[in-house]
Structures are given as structure tokens and as C-alpha cells.
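One-letter residues, chain by chain:
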6 protein chains.
Amino acid sequence: MEIKRPSDSITTMTNIVMPNDTNIVGNLFGGTLMQWMDICGALAAARHSRNVCVTASVNNISFAKPIHLGETVTLISRVVRAFNTSMEVYIEVYAEDVRVGQKRLCNDAYFTYVAMDSDYKTVKVPAIQPLSDDEKGLFELSLLRRQLKLLMAEKIQLRDAPELKKQMEDWLKNSG
Amino acid sequence: MEIKRPSDSITTMTNIVMPNDTNIVGNLFGGTLMQWMDICGALAAARHSRNVCVTASVNNISFAKPIHLGETVTLISRVVRAFNTSMEVYIEVYAEDVRVGQKRLCNDAYFTYVAMDSDYKTVKVPAIQPLSDDEKGLFELSLLRRQLKLLMAEKIQLRDAPELKKQMEDWLKNSG
Amino acid sequence: MEIKRPSDSITTMTNIVMPNDTNIVGNLFGGTLMQWMDICGALAAARHSRNVCVTASVNNISFAKPIHLGETVTLISRVVRAFNTSMEVYIEVYAEDVRVGQKRLCNDAYFTYVAMDSDYKTVKVPAIQPLSDDEKGLFELSLLRRQLKLLMAEKIQLRDAPELKKQMEDWLKNSG
Amino acid sequence: MEIKRPSDSITTMTNIVMPNDTNIVGNLFGGTLMQWMDICGALAAARHSRNVCVTASVNNISFAKPIHLGETVTLISRVVRAFNTSMEVYIEVYAEDVRVGQKRLCNDAYFTYVAMDSDYKTVKVPAIQPLSDDEKGLFELSLLRRQLKLLMAEKIQLRDAPELKKQMEDWLKNSG
Amino acid sequence: MEIKRPSDSITTMTNIVMPNDTNIVGNLFGGTLMQWMDICGALAAARHSRNVCVTASVNNISFAKPIHLGETVTLISRVVRAFNTSMEVYIEVYAEDVRVGQKRLCNDAYFTYVAMDSDYKTVKVPAIQPLSDDEKGLFELSLLRRQLKLLMAEKIQLRDAPELKKQMEDWLKNSG
Amino acid sequence: MEIKRPSDSITTMTNIVMPNDTNIVGNLFGGTLMQWMDICGALAAARHSRNVCVTASVNNISFAKPIHLGETVTLISRVVRAFNTSMEVYIEVYAEDVRVGQKRLCNDAYFTYVAMDSDYKTVKVPAIQPLSDDEKGLFELSLLRRQLKLLMAEKIQLRDAPELKKQMEDWLKNSG
């Protein structure tokens, strides 16, 4: 099976924040931004897998930095890890007041997608080969997040997740 | 300061899945559902705090059970824990084909909201008093999730999160 | 055939009034509210009949109390009378500024729906058994409204509508 | 004060029925059509009164003739009676499959609007002078509908509505 | 084959400029107006040809006169020339502040549509017979525009477009 | 005043074609695509000028290649010529079925935008320095298009447009 790089699936999406996208404080709704992230991420997954992709799960998203009415929002997504039939996609969100011209990173998040064939059955997806140090870091973290999600949902035991077990031992050791 | 119960903030929202809400497989977009969840959760937070609430963060959401075109989606949200100026809201999503008449639980998730006054400054919110066993369980888990999020973002050390530290020690002991 | 109660079909819907929902005075468009009422009512009818329901007619709606930008609108619908293949649904509309926390009744109306099977033919629907006094009052009025509508459309003669005839005689007697 | 004719306020609106406008049977939602009617009627009222107009009430609407996905909908509205600060607008709805080229009348309804000045106070509107027989017929019926609405809402007594009282006496006489 | 007049296909469309239709300056987006023009023009073409029509091309549109939030926009379209399977449609855009009551012409443009039968093959359309002087002027200009478009796209030579060639010779003669 | 290159303003936008974006043939509406092009072009102009930009005019757009429901549409825009307070933006539209993975160029067009300061007055914009041969070709054509538009609108005489006059003389010479 084919091996691809994260850069092969990079997808860029641009939106302007319109009145109906904002809450009463004049900032972009968190829910509207999540909807945009979901579409941008699904396209990266589709480009990686050459199949229709449906959202399987979303990891933590933090909305610490508000985005304002009339600003331009740029979303950039790419597949950072592939697991058999699913892919983890990393999505960055930048906001920009074009009159000032400086983009600021407002959010980033991981969405997981599953590839489906034309009979709506899940299908295997190409593997990912991270090359740069950045790509390798995202690749490692992706596994820990997946193991933690399964452990908290009581779908695996910690003994089935050696990388997470080692991380927890490190945390406990450092906590004195 | 006032103390409230989770049941004081319960908010119910109903939507029908329309063509533009569905992907090419005919299922509700994950992103569209997240947008609905965000609005439903913000209303529960607003009812708890009597202030405008903006989304601060979203915990894991899983989309294991697809929702189909034409189905009715019912969202139910309530505040399960309050921390100074923020609230954790638990949101359940049920789908229903009215011709069959059985609701099925499709998703649940935790969204965190921050209350703001009319000058858009964060304000203190009422405390939560869980009464039923269910409410107490959600209350405990809420703290663990918060500590884990801060630890992974390297904003706290494990020694600052005694409840999470104890949970990790349990996991490690059970893993042999 | 099955007999149901009005409470079996209760449906709750919540919306926030967004900028595009408001006229130049900053109030919710009457037409947008009617659209929301129609969906909320159709769901109650579908829950009563376990079939897809299409709107047959709408009785008088009055918009005396404006609803403002940013307010939360709660719609509650339930079937109050069933006639062979059609149902009359009573819909109440409440508005609420969450910062104040008091719901006010803004509108109520009756919508009539017809149930259709999967071949798009009309089908019989379960009968309604009103229990409380409130439910019984709505049940009586529903018949008068239906007879009046048919009379004004010249589809029946007054002699075919004994309940309405009696009401008219009462009105005339009281008018001196 | 100025006197206008119904034809001075005629407003024509055209829409295509899109997928999101249709129910699962493939027909235009009643609620969506009401939203279009409300906008078309408000424009006629605004043209009559030269002021912003808000919806005050809606009389019976019947949806006996379905309108299908992809069809063209033409709405035509005009003011048929003016009462101090309010206007009754008559709205006709025609559907047309452009490939066939025949318009069919699908609905008609009466919406009542109130004119507001720039301080959002109600203002007097010009009187209406019906000229054609058609216009005169609509003018007479408009008064009966208004009296019936007030009577059923228990805001007037039948003795305050001589035209309606006479109509009821006619109905009762004819019913034997 | 049937011959029709421009007036047979006249289509009127009315919209109110809503918050989401406006840019940060409070004026109607050019792109939103183009979308409305496209629908209004497609309906005129469909009425002329009694077939579904798809947009083939758009000629110059100028947006010199801004249209403001809350104004009423009236679009009027009619087929001015027919070429085998395509039609040129002339679209006028008027804006109106109903409180003032004066319509002003804001834009006009030519859109070209192609008629398709139910197998999505292009089909011949009826010819156009311009009668009034206005209609004849639009008819002549339509041909020049078409020839110029083909020439600049290098799809024809000037020798294949005698009407345009004559116009260019006139321009050059007048330029001294 | 600053001089910029076309590449400084490149803006990429991605959309999925949804049911409500398609005509009855299942293809993307021309009007919807124009709306997307307008937003994408306005962002490139805003990035070039560091000001809000409003659409001034649109040149010919041809819709020869249909785009289908569910396909991904990528728009790429950049400023190719600047004239005092206005900019000509070149916009390319690519469609892609992600399951196949090949982008095809479907449309290209020129939109002209005007920059406005915070008082909604037009402002001077930076000049453009084309560097590559491609950029230079677009730069030359932009002037001819502008002169032709002004000539046909009878706002200039051919003698005021020496570049266009020379082009017409060439066309006439070549036409024999």
C-alpha cells in the first residue's frame, strides 16, 4: 500500500466572519468555527485517502482567542497519522484583519476521519511517513491521544497502551 | 453566592436533518452537529449564569452512530460543574425517525463556557450542587477531565492535580 | 385504533434570534417565527401519527409581542385534536432574555397537519383523549374553528355544523 | 390624508424551490412559504404606507395544493384595506413548472401589518379606495374577518360588530 | 419554430437586503447581487425556452451605485436575443428605500443561458422578434458583444464578424 | 508609494458543492460560483491594499465546464494590475472529485475592486510590479480590457486609448 506525506493532503480554506456567524458579543461562534474545521479536515482526509471521509471524533478544542466580525479566517488542515481505516487530521485556524495584515493563530485541533468506499464500507487508507521534526512530533502525540481516549472510554486497559503507560510513569515520577 | 442544581439549566433543542446538513453518504455532518451542540450548550450555561456565555473549549466528541437525512435530532444540555467564571455543560444528542418512534443516543460531549457581563468581562457564576448519583458521577469526572487537559497543555504539573494523580496511580496499579 | 393523549406528542424547540432573522427594527420577522412554528408543529403531528406530516392549514396567528435580536425562543407544540387523517396542533411561543431569565408567552397558534404514508397517501391517525380541563377546553375550541373555516370557505352549510350554530345563537342572544 | 388604490402597492416576488425548502415528500414546506408570503406582504404594506411595517397577524392559510422541488413560485401582494395604523394585505401564491409553462394558484392569504415611524411608534397610514368589483369584494370581506377575530379573542362583543352580526343572522336564517 | 417577443419572458424578483448580504461598509455584496441576477435571468430564459436553462456566460457588470442594508431590490429580466440553443438575457436591478419610495436603477447586465432537455442535451430555442425601438437596440448590441467575446477568446477572426468589423472601422475613423 | 507583486495577494478558498448550491441538473449554479469568486477576489484586493475593498465591476465569465454536486471547488485569486484606487484581480476556479484526485480548471475571470478607507472614501492602492512572463501577459491584457469597457460605455473616445487603438488596427489588418 502507498505511503504518503502530511504535506500531500494540505487543504486551505478561507472565510469571512459574517453577522450571522457571531454571538451577541460580536465574536465568531465556537460552533460555527467547528463546522468550518470539520469541512476543512474532511477534505484533507479525502485527499489522503481518495475516498469520502466521515468525521469519527474530535479531540479537545480551545477557543481562547476570539475572532471578530468582518475578519478573515484561514484554516489549514493536513493528515498527521493514519491508522488502518482512520486518519488523524491536524487543523490550524488563523484570523486576520486585512486592514492590519497580520495573521494570528487562534485555534488548533485534531479531528479523526474514517474513509468509506462507494458502498459506505470503511476502507484501508495509505500510511503516513512523517519527515520533518515537526511532522514527527505530531505523529508521536497522535498515538498518545488515541490511547488515552480508548482508556477513558474503558475500551482498552493501560497494559494495552505501552506508550501511554510510559508517559504516565514519567508524569508520576516528575510529580515527586 | 447562589447555588444551583444541574436540572435548573436543562435546555432542549430539536432539529430536522435537511439536505444541506448531510454529506454525500446522506448522514448529518459532524460539523453541523457540533454547531447545534454549541448553541444548545451555550443556552444551558446562560440559564445557569444569567449572563451571555462564550465557548471556551470542547472535550472529546465521538460520532460513532450516524444520523440520517430527514431524522429528528433532539439535543439536551445541562451544566454539570461550575469553576469560578466557567461552566462545564454536558450535552446529549438523540436521533429519531418519527415513523419508528424510538429515540437513540448518538453522541454526548462536554463543552466549557465562560460567562461575560455587559462590558465583556468574565464574571463569577453560581456554584453547582449535584444531588442524584448520576449528577455526582458527572461532577467527579468533570474535574479529572479538566486536570488532564491542563496537564497535556503543560499548564500544570501532575502534583497540582491530586485527583488525577490518584486516578493514574490506580490505572498503573491495575495494569500490572 | 390506538388512542393517545396530547402530552404524548409534546415537542420542544429552542432557537436564538440571529441578525438575519430580524427586521430593520431589530425584531424577529413574523415569517421566520411561522417557519419555526411549522417545523415544531409538524414534529408533534409526526410523533402522534408515526408518519410524515405535511401542513394543511394555519389558523389566526397574532404577533402582538415583539421578540428581540439575541433572545432565546422556545416553542412547545402538542396535538390537541385528531380528525380521521388530520391533526390540529397547538403551538406556544415563549421568548426569554437569558440575562433576565423570565420567559414570556409571545404567541400561540393552531396548525393543522395531514399524515402521509410512504406512498404519499393520507392515512388514518390515532384518536385523542383529552384528560385535563385545559386539554378539554382546547379540544372543544378546535371543533368550532374547523367548522367556521369550512363555513367561510363555503364548503359546508351552517346546518352541518351544530356546535358552531349553537355558539352563534349564543353570541346573537348576548348581543341583545 | 392621502387615499391610495390597491394597485399602487402591488409587489411581485419570485423564488425557486431548492432542496432545503422541501420536506421528505419533496414538497415546499408550509413554513417556508409562509416566510416568503410574510416578506412579500410586508413590502406591499411598506409601499402603501411609506414606512417600515411589521407583521401584526395572519389569517387562515390553507396548503391544499403542494408545490414541488425545482418549481418557480410567484407571490403577488397588495393592500386591500387600511385601518388607522394597520393594513390588510392579500397575497396570492402561484407555482409554475417552467417546462410546462402554466401557472397554478396554490394559496392565498391575508396578512395584517402595522406601520412604524423611525422611533418605532405606530403611525397612521393612507386610506384605501377600492375601485374594481374584485377590489370591493376583498374590501368587504376584510372587515368581517377582522370583527370575527376580535370576537373570538373576546376583545369585542357581537353588538360592536354590526356587519358581522348581520352576516351571522343570514347564516342562521339560511340554515333553516 | 415558434417566434417570441422579449416581453413574453419578463420575470420580476424582489429581495430585501439582510445583514448577511452586506459587506463591512453596510452595502450589498456584489457577489450576492450576481447570484440574484443569475436566478432571475435563468427564469426568463426558462420561460422563453420552456426548458431548464444553465448559465453559459456573463458579460460586464458594473457596481457603481451601492445598495444599502434594509433596502428592497427589484430585478427585472427578459430574453433579448436567441442564438440556436442559447439566449442572451438583459437584467435590470433597481433599489428602493420604501420609506422614500423612489426606485433607482443600480445595475444592468447581460447573462447568456443554454437550454437543456430532460437528458441534459442542449436544445433549440424559439427565435426572438424585437418590436419596439428599445428592443431593437438591445437586439443589435447583443450581436456585437457576442462577436467581441469570441474574437478576444481567439475563437473567431474579425473577418467572420462583419458587424463588429464595421463598428471597429467606425471607431477608428472617429478617432481621427 | 509601495510596490507589490501579484504573488503577495494570493488567496485560496475551498468549498464543497452542497445540494442547495445546485440546479435541477445537479450542477453548481453559476450565480453561486460568482458569489464565491467575488469573496475570494475581494480578499486578494484587501491583502494588496490593506483596506476594505468593494466590487466595482466584473468582466466576462464563461461557465463552459460544469461542476457537480459533492465536488470540491478551489478558488485562487491575485491582484494583476492596480490603477490609482482600483485593482484588477484574476480568479481561477478548479473543481476536483476527491475520489479521483485530479483538479480541472473550470473558469477564470477578472473582477475589479475599489479600496476604501474607514470613512468609506476611495484610497490610493500600491502599484503592481509583474515579474514573470505570465504576470506580464496578464498585466498587458488588463489595460486593453479596461479601455474596451470604457469605450463601449461611451466614457472615452478611441483616441484616448492608444493601446486598444493599436490592437484594433492589428485586428483589422489581419482580417484582410
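As a reminder, the structure under discussion sits directly above these lines.
Scoring rules and cut-offs
- Think of each chain on its own: its residues are numbered from 1, step by step along the sequence as written.
- Chain A is the first chain written and ligand 1 is the first ligand written, with later ones labelled in order.
- Predicted model: local features are reported for residues with pLDDT of at least 70 only, side-chain atom pairs are reported and counted for 80 or more only, and whole-chain, interface and lining totals are derived from all residues.
- Heavy atoms throughout the structure, all of them, feed into the side-chain values; hydrogens and water do not.
- Note on contacts: a residue pair qualifies if any of its non-hydrogen atoms lie within 4.5 Å across the two residues.
- By convention, the term buried area covers the 1.4 Å-probe accessible surface removed from two parts as they join, with the contributions of both added.
- When a carboxyl oxygen of Asp or Glu is within 4 Å of a side-chain nitrogen of Lys or Arg, the pair counts as a salt bridge.
- A run of H or I in DSSP becomes a helix once it reaches four residues, and a run of E becomes a strand once it reaches two; helices and strands are each numbered from the N terminus.
- Classes in brief: Ala, Val, Leu, Ile, Met, Phe, Trp, Tyr, Cys and Pro nonpolar; Asp, Glu, Lys and Arg charged; the others, Gly included, polar.
- Here a polar contact is taken to be a pair of N or O atoms separated by no more than 3.5 Å, where protein atoms must pair a possible hydrogen donor with a possible acceptor and residues adjacent in sequence count only if both atoms sit in side chains.
- Two strands qualify as a pair provided DSSP detects at least 2 bridges between them.
- Superposing the copies works by least squares over the C-alpha atoms of residues that have pLDDT at least 70 in both of them.
- Here, nonpolar core refers to any group of buried Ala, Val, Leu, Ile, Met, Phe, Trp, Tyr and Cys residues whose side-chain atoms link them within 4.5 Å.
- Throughout, exposure labels follow a simple rule: accessible area from a 1.4 Å probe, protein chains only, divided by the maximum for the residue type, with under 20% read as buried, over 50% as exposed, and the rest as partly exposed.
- Simply put, an axis is a line fit to the C-alpha atoms, just over the touching stretch for a helix, and the angle between two N-to-C directions goes from 0 to 180 degrees.

**A few points about the interface of chain F and chain A**
Counting from both sides, the interface comprises 20 residues of chain F and, opposite them, 20 residues of chain A. Buried area between chain F and chain A, summed over both chains or domains, comes out near 1,700 Å², and the portion from carbon and sulfur atoms is 58%. There are two salt bridges connecting chain F and chain A. Ionic pairing is found between Glu 96 of chain F and Arg 47 of chain A, a salt bridge with its closest N-O pair at 2.7 Å. Elements with a minimum of two residues in the side of chain F that touches chain A: strand E2 (11-16), helix H1 (30-49) and strand E5 (72-83) of chain F. The element contributing the most residues to the side of chain F that touches chain A is E2 of chain F, with five residues. Of the residues in the side of chain F that touches chain A, the class split is eight nonpolar, seven polar and five charged.

**What about the interface of chain C and chain D?**
Contacts between the two partners involve 39 residues from chain C and, on the opposite side, 39 residues from chain D. Taking both partners together, chain C and chain D bury about 3,500 Å²; carbon and sulfur atoms supply 67% of that area. Looking only at chain C, the three residues that lose the most surface to chain D are Val 25, Trp 171 and Leu 172 of chain C, adding up to 16% of its buried area. At the junction of chain C with chain D, the criterion picks out zero salt bridges. The tally of links from chain C across to chain D stands at 10 residue pairs in polar contact (both at pLDDT 80 or more). Put simply, the parts of the chain that give the side of chain C that touches chain D at least two residues each are helix H1 (30-49), strand E3 (52-58), strand E4 (61-62), strand E7 (103-116), helix H2 (133-152) and helix H3 (162-174) of chain C. For the side of chain C that touches chain D, the residue count by class is 21 nonpolar, 13 polar and five charged. Strand direction decides the pairing type here: E3 of chain C and strand E4 (residues 61-62) of chain D, joined by two bridges, are antiparallel.

**Looking at the relation of the copies chain F and chain A**
Rotating chain F by 180 degrees and translating it 0.0 Å along the rotation axis places it on chain A, where the RMSD comes to 0.0 Å. In symmetry terms, the pair is related by a two-fold rotation axis. Every residue of chain F has its C-alpha some distance from the rotation axis, and the shortest such distance is that of Met 13 of chain F, at 2.4 Å. Here 100% of the contact residues of chain F are again contact residues in chain A; the copies associate through an equivalent surface.

**Things to note about the nonpolar core**
Ranked by size, the top nonpolar core spans 76 residues in total, and within it Leu 33 and Leu 75 of chain E together with Leu 33 and Leu 75 of chain F carry the most contacts. With residues near it in sequence (within four places) discarded, Leu 75 of chain E still touches Thr 11, Thr 12, Met 13, Asn 15, Leu 33, Trp 36, Met 37, Cys 40, Ile 91, Glu 92 and Val 93 of chain E.

**A short note on the sheet that holds strand E5 (residues 72-83) of chain E**
An order of E2(E)-E5(E)-E6(E)-E7(E)-E3(E)-E4(F) is seen for the six strands of this open sheet, with the pairing classed as antiparallel. Each edge of the open sheet carries a strand with a single partner, namely strand E2 (11-16) of chain E together with strand E4 (61-62) of chain F. For strand E3 (residues 52-58) of chain E and strand E7 (residues 103-116) of chain E, the ladder comprises six bridges, and the chain directions are antiparallel. By the bridge assignment for E7 of chain E, Val 58 of chain E is matched with Phe 111 of chain E. Strand contacts of helix H1 (residues 30-49) of chain E: E2, E3, E5, strand E6 (86-96) and E7 of chain E, with the helix running at about 45 degrees to E5 of chain E, the strand carrying the most contacts.

Distances and angles like these do not, on their own, reveal function.
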